[in-house]
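Architecture at a glance
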Amino acid sequence: MTDDTIKEVLKRIPYGFYAITSRSGDDVNAMVANWVMQTSFSPRQVALGLEKVSYTYGLIEKGGVFAINIFLKDGADALKPFMKGRSKNPDKMKDIQYSEGPETGSPILESAAAYLECRVVRIVDTGGDHDTVIGGVVAAGVSSPGEVGDTLSLPDLGWSYAG
Ligand SMILES: Cc1cc2nc3c(=O)[nH]c(=O)nc-3n(C[C@H](O)[C@H](O)[C@H](O)COP(=O)(O)O)c2cc1C
């Protein structure tokens, strides 16, 4: 099997498309991400594949909390401000409307349809370019009711972050 076949098959795994928000003290951030999944029922846990060099990594490491902001299929425009990293766009949170998550203080984006607040259980250094952040889900909220089929996904946009 060639590398290209591995890439081709990895790209066939479907993903949602989310904004991961984080906080350490007064510093807040949001980034787009798709490598998100539930990994335990009891306790409820999720995993996030997180780029080591991202600004978010430092905030999650220091602050120990994050939130997964989930969007409806027509909500992709709301993610545009978070496409670029903080180093290229230092003011990316400047005009963003958000509230503080009641359990963790993580930013909850006003544009999000639903959110999960998480406390870091462990950050696993996998030796790769992304580490795996395991989060315990401590709270959730819904501002726009919907089913899984209403959730914005990466295939909806014809994009891929895999391979
Ligand atoms: C479609 C798409 C999906 C992405 N998915 C992830 C992801 O799952 N995990 C990750 O660490 N970065 C992902 N990224 C890259 C981050 O969004 C990018 O590194 C961002 O600049 C980090 O922002 P920050 O430095 O402000 O934290 C994705 C980017 C795009 C465009």
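Heads up: these notes are all about the structure in this document. All values derive from a computational prediction rather than experimental measurement.

In this section: the overall build of the protein. Broken down by element type, the protein carries three helices and nine strands. Helices and strands appear in the protein in the N-to-C order α-β-β-β-β-α-β-β-β-β-β-α. For the protein, restricting intrachain contacts to residue pairs at least 6 apart in sequence, the fraction spanning at least 24 positions comes to 64%. Surface exposure of the protein reaches about 9,300 Å², of which carbon and sulfur atoms provide 51%. The centroid of the 16 positive side-chain charges in the protein is displaced by 3 Å from the centroid of its 21 negative side-chain charges.

Turning our attention to the layout of surface pockets. Estimated volume of the largest pocket: approximately 550 Å³. If you tally residues by element for the lining of the largest pocket, the top one is strand β2 (residues 27-33), at four residues. Tallied by class, residues from the lining of the largest pocket come to 13 nonpolar, nine polar and five charged. Considered as a void within the structure, the second largest pocket measures approximately 470 Å³ in volume. Taken together, 26 residues line the second largest pocket, and the ones lying closest to its centre are Y18, I70, L116, V148 and T151.

Here we have seven strands laid out as an open sheet, ordered β2-β1-β5-β8-β9-β4-β3, and antiparallel in their pairing. Both outer strands of the open sheet, β2 and β3 (36-40), are each paired with one neighbouring strand and no more. Each neighbouring strand pair of the sheet contributes to a mean axis angle of 35°, computed without reference to strand direction. Here strand β1 (residues 18-24) pairs with β2 via seven bridges, running antiparallel. Looking across to β2, one finds that R23 is bridged to V28. Docked against the sheet, helix α2 (residues 55-63) engages β1, β2, β4 (45-51), β5 (65-70), β8 (114-124) and β9 (130-142), running at close to 50° with respect to β1.

Pairing of β3 with β4 involves four bridges; the strand directions are antiparallel. For M37, the partnering residue across the bridge sits in β4 and is A47. Once β3 ends, the chain turns through four residues before running back antiparallel as β4.

Attention now moves to the pattern of salt bridges. Applying the stated criterion across every chain yields a total of seven salt bridges. In this structure, K52 and D125 form a salt bridge, with 3.0 Å as the shortest nitrogen-oxygen distance. Remark: D125 occurs in the loop between β8 and β9 and K52 occurs in the loop between β4 and α2; sequence separation between them is 73 residues. Given a relative accessible area of 54%, D125 falls into the exposed group. For K52, a relative accessible area of 31% gives the class partly exposed. Among the charged side chains, a salt-bridge network with shared partners connects K52, D125 and D131.

Criteria and cut-off values
Residues numbered from 1 in each chain as written. Predicted model: local features only at pLDDT ≥ 70, side-chain atom pairs only at ≥ 80, totals over all residues. Heavy atoms only, no water. Helix = DSSP H or I, 4+ residues; strand = E, 2+ residues; numbered from the N terminus. Contact = heavy atoms within 4.5 Å. Areas by Shrake-Rupley, 256 points an atom, 1.4 Å probe, with all protein chains shown as cover. Lys, Arg positive; Asp, Glu negative; His and termini not counted. Charge placed at Lys NZ, Arg CZ, Asp CG, Glu CD. 1 Å grid on protein atoms, 1.4 Å probe; cavity = no way out; pocket = protein on both sides within 12 Å on 5 of 7 lines; lining within 4 Å. Points joined across faces, edges and corners; volume = space filled by probe spheres on them. Nonpolar A, V, L, I, M, F, W, Y, C, P; charged D, E, K, R; others polar. Pairing = 2+ DSSP bridges. Axes fitted to C-alpha atoms, helices over the stretch in contact; angles between N-to-C directions. Salt bridge = Lys/Arg side-chain N within 4 Å of Asp/Glu carboxyl O. Buried < 20%, exposed > 50% of the residue type's maximum accessible area, 1.4 Å probe, protein only.

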